[in-house]
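Commentary on secondary and tertiary structure
Listed below, chain by chain, are the residues.
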Amino acid sequence: MPPSEEWKHRFRGVFPAVVSPFNANGEFAIETFERLLARLYGTGVHGVYVCGQTGEGVLQPVGTRRRVAEAAVRCTPGGRRVIVHVGAARLSDASELARHAEQIGAGAVSSLPPAGNYNFAELRSYYEQLAQASSLPLLVYYYPEASRLTVTLEHLLELCQIPNVVGLKFTDFDLYKLHQISQSGKVIFNGRDEVFAAGLLMGAGGGIGTFYNLIPELFLQIYHSALSGKWDDARRAQDQVNELIRITLRFPMLSAVKTMLKWQGFDCGPCLAPRENLTAGQQRELRGLLEQSSLSPFLYVAQ
């Protein structure tokens, strides 16, 4: 099997971008994290992505991020894979986290660009040095809305040619660009939950996303329907996913997701500062909207 096909085979499927639970003091709540992982793996997901945007990785100290990664690897069944987001403001921190991920047995690392006004040469240098920090495959995390970087298709293809870079976590609505990159043979994870079915149609081998924490069953249904060519079934499941997304985006998103996880029995605590947390009034409004939705088979919202 050619190297590119080997990596595409290893990294495909449904990978929740797992929420990092914290207690009231902002300390990592490992027991809740372990239970959440058990629940996600119990549904059949293919792996997890930790310490990314959803996991509030860049807001955590390096030591806490190491603990999250260690717990994820320890709780992952054989045959499933952990991707650790190692992006940080300092390249030295990102490199340290990449080396740690390799030491504990993670399957791959991933990174947003460092925050700041960098040109493409500087961005390429960041990924070149990070790719050399460990022998783990590296996924570039392309999320233009978060990074504020203008990166062309040609730039992305150039980043994918860096030794040890196996592909992208592609969080954008430009599925034409996703398709062009998929033609290069690189690993592509769709990162926009709203268009998971469409991303698979256009060449993604799987998805990584926030809402997978809440309704992994629907994302698995989309994935397996797409593999079987049952696109009408995939679209219907996507419609249900998007109903939840439309409701959630009326509120501070991550706080709303953590609130819904609490109602499902996983108290993940507050978001880390400076993220907002839902007020009592917002929680009541969210509950009311969910109770009126079609999502009751997937979301437990009763008091």
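Here is what the cut-offs are and how they apply
- Residues numbered from 1 in each chain as written.
- Predicted model: local features only at pLDDT ≥ 70, side-chain atom pairs only at ≥ 80, totals over all residues.
- Heavy atoms only, no water.
- Phe/Tyr/Trp six-rings, centres within 6.5 Å; stacked < 30°, edge-to-face > 60°.
- Helix = DSSP H or I, 4+ residues; strand = E, 2+ residues; numbered from the N terminus.
- Buried < 20%, exposed > 50% of the residue type's maximum accessible area, 1.4 Å probe, protein only.
- Salt bridge = Lys/Arg side-chain N within 4 Å of Asp/Glu carboxyl O.
- Core = buried A, V, L, I, M, F, W, Y, C linked by side-chain atoms within 4.5 Å.
- Contact = heavy atoms within 4.5 Å.
- Disulfide = S-S within 2.5 Å.

**Some remarks on the packing of aromatic side chains**
- Summed over the entire model, instances satisfying the criterion amount to nine aromatic pairs.
- Judged by centre distance (6.1 Å) and plane angle (90°), the ring pair of Tyr-49 and Tyr-141 falls under edge-to-face. Here Tyr-49, found in strand β2 (residues 47-50), pairs with Tyr-141, found in strand β5 (residues 138-142); they are 92 residues apart in sequence, far enough to count as distant. Here Tyr-49 matches Tyr-141 in class, with each residue buried.
- Aromatic side chains Phe-196 and Phe-219 sit 5.9 Å apart centroid to centroid with 45° between the ring planes, which places their arrangement in the tilted category.

**Things to note about the pattern of salt bridges**
- One pass over the structure, following the stated rule, counts 11 salt bridges.
- Of the charged contacts in the structure, one is a salt bridge between Arg-192 and Glu-145, with a shortest N-O distance of 2.8 Å. Taken together, the residues Arg-192 in the loop between β7 (187-190) and α9 (196-201) and Glu-145 in helix α6 (residues 144-147) connect sequence positions 47 residues apart.
- Take Arg-192: its relative accessible area is 11%, and that puts it in the buried class.
- For Glu-145, a relative accessible area of 56% gives the class exposed.
- The partner of Asp-233 in a salt bridge is Arg-236, with the nearest N and O atoms 2.4 Å apart. Placement of the pair is Asp-233 and Arg-236 together in helix α11 (residues 231-248), with a separation of three residues, close to one helical turn.
- On the basis of relative accessible area, Asp-233 is assigned to the partly exposed category, the value being 29%.
- Owing to a relative accessible area of 48%, Arg-236 belongs among the partly exposed residues under this scheme.
- A single salt-bridge network, built from bridges that share partners, covers Arg-124, Glu-128 and Glu-158.

**Some thoughts on the nonpolar core**
- Grouped together as the largest cluster of nonpolar side chains are 90 residues, with contacts concentrated most on Phe-33, Val-50, Leu-244, Met-260 and Leu-286.
- Apart from residues lying up to four places away in sequence, Leu-286 is in contact with Ile-247, Phe-251, Ala-256, Thr-259, Met-260, Trp-263 and Leu-278.
- Leu-112, Leu-139, Tyr-141 and Val-166 belong to the second-largest nonpolar core, a separate cluster that totals 14 residues.

**Description of the state of the cysteines**
- Under the counting rule described, the total for this entry stands at zero disulfides.
- For the unlinked cysteine Cys-75, the closest cysteine sulfur is that of Cys-51, found at 14 Å.
- What makes Cys-75 partly exposed here is its relative accessible area of 26%.

Read these as geometric descriptors, not functional statements.
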